Amino acid sequence: MPRTALTREEVLDSAAVLVRQHGPQALTMRKLAAGLGTAVTSIYWHVGNRESLLDALVERTVQEMGAIRPTGRTPAERAVSVARKLRRELRDRPHLIAMVHERGLTERMFLPAQQALVHEVHAAGLRGARAAEAVRAVQFQVVGFVLVERNRERSPVQSPGEGELWEAAGAAEHDPALARALARPADPEQLFTASVRALVSALLDG
């Protein structure tokens, strides 16, 4: 028997899960209704047609991206925390972020993170063009890193792979420790944190 007690938020939650797991093409009103144990007419009553549902998901994604809050004791630490949280949000919801981009709302989505970074670069004493450059540099670092990560994840299996190339005799005979380190898989979280800390330090102290 179809359920009768259903809220708009429950519909959006379920729709977001479908999109995050399988992409927007997997989101149909019939599949959504089946997952919620309700009638398709109930879905339409709560969110309208499919396009209205997608618009609502995009709007909610934009709002959720605005919930990033800095943590840390210093402006540099807090700026790094914003960058790390922004990367995590972008990584966690690629299909929803793509929908935001397709609807021309990317700049609006990034505005709260930019504003959080502005607060920290101001706290570090930067103003004007230097402050703007610092904010954009951090934002571009985050977006660029995420794009590289996704490209590496989607690329075909490499043969020989990076590890095999660096394990080859003579690949870095002047620095065997470096060769051993590069032969191991990269830790994206550690690499991102190290790179964004170095960037923020240079921007705020330079």
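Before reading on, note that the structure itself is shown above.
Residues numbered from 1 in each chain as written. Predicted model: local features only at pLDDT ≥ 70, side-chain atom pairs only at ≥ 80, totals over all residues. Heavy atoms only, no water.

1. Some points on the nonpolar core
Rules: In plain words, nonpolar cores are sets of buried Ala, Val, Leu, Ile, Met, Phe, Trp, Tyr and Cys residues tied together by side-chain atoms within 4.5 Å. Here's how the labels work: a residue is buried when its accessible area is under 20% of the maximum for its type, exposed when over 50%, partly exposed in between, all with a 1.4 Å probe on protein chains only. Contacts are assigned to residue pairs with any non-hydrogen atoms lying within 4.5 Å of each other.
In this structure, L27, L32, I43, L53, L57 and L90 are the most contacted members of the largest nonpolar core, which totals 51 residues. Residue contacts for L90: discarding those within four places in its chain leaves M65, I97, M109, F110, V142, V143, V146 and R150.

2. Section: unusual backbone geometry
The condition is simple: For helices the rule is a DSSP run of H or I covering at least 4 residues; for strands it is a run of E covering at least 2, with both sets numbered from the N terminus onward.
Residues S159 and P160 are joined by a peptide bond in cis, for which omega reads 5°. Within the secondary structure layout, P160 lies in the loop between α8 (128-154) and α9 (162-167).

3. As for helix α11 (residues 188-205)
Applicable threshold: Residue count minus one, scaled by 1.5 Å, sets the expected span of a helix. What the arc measures is the spread of directions leading from the helix axis to the C-beta atoms. Pairs of N or O atoms within 3.5 Å make up the polar contacts considered here, provided that, within protein, one atom can donate a hydrogen while the other can accept it, and that residues adjacent in sequence are counted only when both atoms are side-chain atoms.
Here α11 spans 25 Å end to end across 18 residues, near enough to the 26 Å set by a 1.5 Å rise per residue. Along α11, the residues that are buried comprise F192, T193, V196, V200, L203 and L204. Down the axis of α11, the buried set is contained in an arc of 105°. They therefore lie on one face. In α11, those exposed residues whose orientation departs by more than 90 degrees from the buried face are A202 and D205. Between the side-chain oxygen of the N-cap and the backbone nitrogen of E189 there are 3.2 Å, and the N-cap of α11 in question is D187.

4. Here's the deal with the pattern of salt bridges
Selection rule: A side-chain nitrogen of Lys or Arg and a carboxyl oxygen of Asp or Glu constitute a salt bridge if their distance falls within 4 Å.
A full pass over the atoms with the stated rule returns 16 salt bridges. Between R60 and E9 there is a salt bridge, with its nearest N and O atoms 3.1 Å apart. Placement of R60 in helix α4 (residues 50-65) and of E9 in helix α1 (residues 8-22) is noted, with a sequence separation of 51 residues between them. Owing to a relative accessible area of 42%, E9 belongs among the partly exposed residues under this scheme. Notably, a salt bridge pairs D13 with R60, separated by 2.7 Å at the nearest N-O pair. Here D13 is found in helix α1, whereas its partner R60 is found in helix α4, with 47 residues between them in sequence. Taking relative accessible area as the criterion, D13 reaches 39% and is therefore assigned partly exposed.

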